[in-house]
2 protein chains.
Amino acid sequence: VAIQTLTIVGVGLIGGSIGLAAKQRGLAKRVLGVGRRQASLQEALHRGAIDEVFVDSLEAVRQADVAVICTPVDLIADQVLAAAPHCKPGALLTDAGSTKAALVRTLDGRMPAGVSFVGSHPLAGSEKRGPEHADANLFDGKLTVITPTAQTNGDVLDRVTAFWRALGSEVLVMDAEEHDRSLALTSHVPHLVAAALATLLTPELIPLTSTGFRDTTRVAAGDPALWTGIFLQNRQAMLAGLDRLGANLDRFRQALESSDRATLDRLLAQSKSLRDAINDSSLSVRHQALNDKSLERRA
Amino acid sequence: VAIQTLTIVGVGLIGGSIGLAAKQRGLAKRVLGVGRRQASLQEALHRGAIDEVFVDSLEAVRQADVAVICTPVDLIADQVLAAAPHCKPGALLTDAGSTKAALVRTLDGRMPAGVSFVGSHPLAGSEKRGPEHADANLFDGKLTVITPTAQTNGDVLDRVTAFWRALGSEVLVMDAEEHDRSLALTSHVPHLVAAALATLLTPELIPLTSTGFRDTTRVAAGDPALWTGIFLQNRQAMLAGLDRLGANLDRFRQALESSDRATLDRLLAQSKSLRDAINDSSLSVRHQALNDKSLERRA
């Protein structure tokens, strides 16, 4: 057992999964859970994701050796700033938010002596919510991006890396701004587009949806408040991503308008080869590439 | 056995699945397969999707009681026009194309006496191709849209309805133009958008894609030539759908530009409720509604 007391603030799908994975892998002796909704806390307790329920966040964080903040991204910075002065010396704070730059910028250089914060983003989850969907294997073979700054101590970076690896995740170290620019393209803009596509639906069209529509819009069933927070934190990179998407859509539109078969064929073939590249790059190859890149950056 | 000789022109994923389902359900005594690629024909034969291989399409269609044309949508009309004069009296021709209006318009009133064509679109399939992915249960619980015209004889409509039901599908009768306008929104525009999203990828971004990106862009792995044909056949309805999508995207963009939390929240909540409606409407309820609607139209 590497961690005496692990505190999870926000025991939803991600927080609950961290608790389950930490317990089942023997990573933490005690897991304390903090949340606003009693029903979620009781469900997390019942499922064995946490050992003790705390309503007072500061009290739970005060006891933590490691604390993971799993609340909506726009709340994390304030919660870390409120909690940090109460932490034990040597305490490590991290999070599971989908955007990193604003958070890391806000917190950089503001931790009390002996207390550390490093941003984390586990690329795992689903459109489902709540500890009832928590899964001890949620992070298995997935990737967690860690975004240290120039201020981050090497030992602290090693601890947060070891933490996510112990939960089953691969780890990639990235600059927070680069993370946000990248995730705008691989997650946040696609989410916005899926939401915009879903609004094309009317009740009469529902029977005429097939697996294509369902997959393309699946993420639009995600929690609106959570995603509003993500969108607001990463709006600049998303606006740039929307510009690029708009240019791509325009190319298709022009080819459609002029019934230009050759261009449509070429555009679709290009998209197919990019999409196929995701399937073709097996997990092990991708992770090898990541580790090489990650080591390079840290060297 | 209701059909003595069933001919399938184009034994890919859909054609192969029709053959497998027809054989396994005892719907057809002989299944003849026609195709351009010998490898596909041999694979379909090997898997039991067809009983006999024909390279001469006219010869195979000449023997058919029912023939299903499963080639790319922009080839179907010419193939039906070429085959029809060779058909036996009483022969029923149908297809499995994703667009219907241009096809039905082209063929209406042009069948020889005793030969019938009715358009069909089974809403089933995947981004995969070829008879190696054929599945005898592909149509199980799925929907097939049938698009008769004012010229379509009631007995012929009953036969084509019975054919798809015997393969496991539910059936909805619709006007061809309405089908195309609807499918532009539920399938063709989403496909174009998935393809445009896939082009945001660069090799470095691949490890940062998660299930969200993969699902949102899955259909972009589909066959470019097949989808170019669909796009060209349904370009007017797609352009109208792209306009509606563009207006939705603009609403999101304006809210992002002005950091308008309330609007983002409202737009995302609206998308979620529309997307949730797909899951909430269970198959049986949806199909009941469809059957009621279908009966209503035919009354």
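Every value quoted in this text rests on a predicted model; they were computed, and no experiment measured them.

Visitor: Hey, could you run me through the relation of the copies chain B and chain A in this one?
Guide: Between the two chain copies there is a screw-like relation: a rotation about an axis and a shift along it. Least-squares fitting of chain B to chain A yields an RMSD of 0.0 Å, with the transformation described by 0.0 Å of translation along the axis and a rotation of 180 degrees. Taken together, the rotation and translation relating the two chain copies correspond to the operation of a two-fold axis. Of every C-alpha in chain B, the one belonging to T216 of chain B sits nearest the axis of rotation, 1.9 Å from it. When the interface residues of chain B are mapped onto chain A, 100% of them again fall at the interface, so both copies present the same face.

Visitor: Just checking my understanding: could you explain the packing of aromatic side chains for this structure?
Guide: What characterises a pair of aromatic rings is the spacing of the ring centres plus the angle enclosed by the ring planes. Under the counting rule described, the total for this entry stands at 6 aromatic pairs over all chains. Ring centres of F139 of chain A and W164 of chain A lie 5.8 Å apart, and the angle between their planes is 70 degrees; on these two criteria the pair is classed as edge-to-face. Taken together, the residues span a long stretch of sequence, with F139 of chain A in the loop between β6 (116–122) and β7 (143–147) and W164 of chain A in helix α6 (residues 154–166) at a distance of 25 residues. Ring geometry for F163 of chain B and W164 of chain B: centres 5.3 Å apart, planes at 80 degrees, overall edge-to-face. Neither residue differs from the other here; F163 of chain B and W164 of chain B are each classed as buried. Among the aromatic residues, those joined into a ring-pair cluster are F139, F163 and W164 of chain A.

Visitor: Explanation requested: the interface of chain B and chain A in the structure shown.
Guide: By a frequent convention, interface size equals the accessible area lost on bringing the separate parts together. Between chain B and chain A, the contact holds 82 residues from the first and 82 residues from the second. Between chain B and chain A, a total of about 7800 Å² is buried, with carbon and sulfur atoms accounting for 68% of that surface. Put simply, chain B and chain A have 6 salt bridges between them. Between R218 of chain A and D215 of chain B there is a salt bridge whose closest N-O contact spans 2.4 Å. The interface formed by chain B and chain A includes 32 residue pairs in polar contact (both at pLDDT 80 or more). Among the secondary structure elements, those contributing two or more residues to the side of chain B that touches chain A are β7 (143–147), α7 (176–198), α8 (211–217), α9 (224–233), α10 (235–257), α11 (261–280) and α12 (283–298) of chain B. Of all the elements, α10 of chain B adds the most residues to the side of chain B that touches chain A, at 14 residues. Its residues assigned to classes, the side of chain B that touches chain A comprises 45 nonpolar, 19 polar and 18 charged.

Visitor: Help me understand the environment of N234 of chain B in this model?
Guide: Residues and elements named next belong to chain B. Inspection of the secondary structure assignment puts N234 in the loop between α9 and α10. For N234, a relative accessible area of 4% puts it in the buried group. In the structure, N234 is positioned 57 residues away from E177 in sequence and 9.7 Å away in space, judged by C-alpha atoms. Leave out the neighbours within four places in its chain, and N234 touches T99, D180, A184 and H188. Engagement of the side chain of N234 in a polar contact is seen with the side chain of H188, the distance being 3.0 Å.

Visitor: What am I meant to see in the pairing of β7 of chain B here?
Guide: Consecutive side chains of a regular strand alternate in pointing toward one face of the sheet and then the other. All names here are of chain B. Burial analysis of β7 places 5 of its 5 residues in the buried class, which makes it a mostly covered element. Judged by which residues are buried, β7 turns out to be covered on both faces: L143, V145 and T147 on one side and T144 and I146 on the other are all buried. For strand β6 (residues 116–122) and β7, the ladder comprises 4 bridges, and the chain directions are antiparallel. By the bridge assignment, S120 is partnered in β7 with I146. Here 4 bridges tie β7 to strand β8 (residues 170–173), and the two strands are oriented parallel to one another.

Visitor: How do you make sense of the confidence of the model for chain A when you look at a structure like this?
Guide: Close inspection of predicted coordinates is inappropriate in any region flagged by low pLDDT. Residue and element names in this part refer to chain A. Chain-level statistics for chain A give a pLDDT mean of 93 and a share of 93% at 70 or above. Within the model, the stretch residues 295–299 combines pLDDT values under 50 with 5 contacts to residues more than four positions away or in other chains. Quick note on the complex model: pTM equals 0.90, ipTM equals 0.90.

Visitor: I'm lost on the nonpolar core in this one. Help?
Guide: The nonpolar side chains of a soluble globular protein tend to be buried with one another. Judged by nonpolar contacts, the single largest core of 128 residues is most densely connected at L93 and F231 of chain A together with L93 and F231 of chain B. Here L93 of chain B is in contact with V61, A67, V80, A84, C87, M111, V115, S116, F117 and V118 of chain B, once residues within four sequence places are set aside.

Visitor: Any chance you could explain unusual backbone geometry here in plain terms?
Guide: Trans peptide bonds make up most of the peptide bonds, and negative phi angles are found at most residues other than glycine. Residue and element names in this part refer to chain A. Even without a glycine there, the phi angle at S259 is positive, about 50 degrees. With respect to the helices and strands, the residue S259 is situated in the loop between α10 (235–257) and α11 (261–280). Given a relative accessible area of 37%, S259 falls into the partly exposed group.

Visitor: How should I be thinking about the pattern of salt bridges in this particular structure?
Guide: Pairing is possible between side chains that carry opposite charge, provided their charged atoms lie close to one another. The full count for this structure, using the stated rule, is 26 salt bridges over all chains. The partner of E59 of chain A in a salt bridge is R62 of chain A, and the shortest N-O contact between them spans 3.0 Å. Of this pair, E59 of chain A and R62 of chain A both sit in helix α3 (residues 57–62), separated by 3 residues, roughly a single helical turn. Since its relative accessible area comes to 28%, E59 of chain A is described here as partly exposed. Among the residues examined, R62 of chain A registers a relative accessible area of 39% and is labelled partly exposed. D276 of chain B serves as the salt-bridge partner of K272 of chain B, at 3.1 Å between the closest nitrogen and oxygen. Separated by 4 residues within a single helix, K272 of chain B and D276 of chain B lie in helix α11, roughly one turn from each other. The class of K272 of chain B is partly exposed, set by a relative accessible area of 25%. One connected set of salt bridges, linked through shared partners, spans D243 of chain A together with R253 and E257 of chain B.

What counts as what
Residues numbered from 1 in each chain as written. Chains lettered and ligands numbered in written order. Predicted model: local features only at pLDDT ≥ 70, side-chain atom pairs only at ≥ 80, totals over all residues. Heavy atoms only, no water. Least-squares fit on C-alpha atoms with pLDDT ≥ 70 in both. Contact = heavy atoms within 4.5 Å. Phe/Tyr/Trp six-rings, centres within 6.5 Å; stacked < 30°, edge-to-face > 60°. Helix = DSSP H or I, 4+ residues; strand = E, 2+ residues; numbered from the N terminus. Buried < 20%, exposed > 50% of the residue type's maximum accessible area, 1.4 Å probe, protein only. Buried area = accessible area lost by both parts, 1.4 Å probe. Salt bridge = Lys/Arg side-chain N within 4 Å of Asp/Glu carboxyl O. Polar contact = N/O pair within 3.5 Å; in protein donor to acceptor, adjacent residues only side chain to side chain. Nonpolar A, V, L, I, M, F, W, Y, C, P; charged D, E, K, R; others polar. Pairing = 2+ DSSP bridges. pLDDT = per-residue confidence, 0-100. Core = buried A, V, L, I, M, F, W, Y, C linked by side-chain atoms within 4.5 Å.

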